[in-house]
Amino acid sequence: MKEVKVLGPGCARCKTLAEMVKQAAEQTGVAIHLEKVEDMAAIVGYGIMGTPGLVINGKVVHSGSLPDPKKVAAWLQEG
């Protein structure tokens, strides 16, 4: 099971990214545990400068914009 975190203050883009992750997990059959991180101190701790941010298994894979849904699916399927 992949640990996935969406970093952001709860804005519309952050919610959209969380939905993109859920859809990609369903489409690819990858089991995930999705957590939304809205605490700014925790978000800053990941070293990102813009939200939304996406963390998979402790690694920041994207930040500052909405990624392409195909990239989200690919990140979920990696290693």
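Our subject is the structure that appears above.
Residues numbered from 1 in each chain as written. Predicted model: local features only at pLDDT ≥ 70, side-chain atom pairs only at ≥ 80, totals over all residues. Heavy atoms only, no water.

### Things to note about the overall build of the protein chain
Our working rule: Every helix listed is a DSSP run of H or I at least four residues long, and every strand listed is a run of E at least two residues long, numbered separately from the N terminus. For the radius of gyration, the atom set is restricted to C-alpha positions; the globular benchmark scales as 2.2 Å times the number of residues to the power 0.38. Relative accessible area decides the class of each residue, using a 1.4 Å probe on protein chains only: under 20% of the type maximum gives buried, over 50% gives exposed, and in between gives partly exposed. With residues, only the protein chains shown are counted as cover, and all accessible areas are computed by Shrake-Rupley using a 1.4 Å probe. When charges are counted, Lys and Arg are positive and Asp and Glu negative, with His and the chain ends excluded. To locate a charge, the coordinates of NZ of Lys, CZ of Arg, CG of Asp or CD of Glu are taken.
Helix and strand counts for the protein chain come out as 3 helices and 4 strands. Mapped from its N terminus to its C terminus, the protein chain presents α and β elements in the order β-α-β-α-β-β-α. Here the protein chain has a C-alpha radius of gyration of 11 Å; the compact-globule value for 79 residues is 12 Å, and the two agree. Among the 79 residues that make up the protein chain, the fraction classed as buried is 35%. When the accessible surface of the protein chain is totalled, it reaches about 4500 Å², and 52% of it is carbon and sulfur. Across the protein chain, the centroid of the 9 positively charged side chains sits 5 Å from that of the 8 negatively charged ones.

### Considerations on the pairing of strand β1 (residues 2-7)
Heads up, the rule is: Pairing between strands is defined by DSSP: at least two bridges between the two strands are required. Handedness of a crossover is defined as follows: orient the strands so they point away from the viewer, and if the path from the first strand over the helix to the second runs clockwise, the crossover is right-handed.
Pairing between β1 and strand β2 (residues 32-37): 6 bridges, direction parallel. Each bridged residue has a counterpart across the sheet, and for Val4 the counterpart in β2 is Leu34. This β-α-β element, β1 to helix α1 (residues 12-28) to β2, shows right-handed connectivity. In this sheet, strand β3 (residues 53-56) lies alongside β1 in antiparallel orientation, the contact comprising 4 bridges. Within β3, the residue paired with Val4 across the bridge is Ile56.

Purely geometric numbers; function is a separate question.
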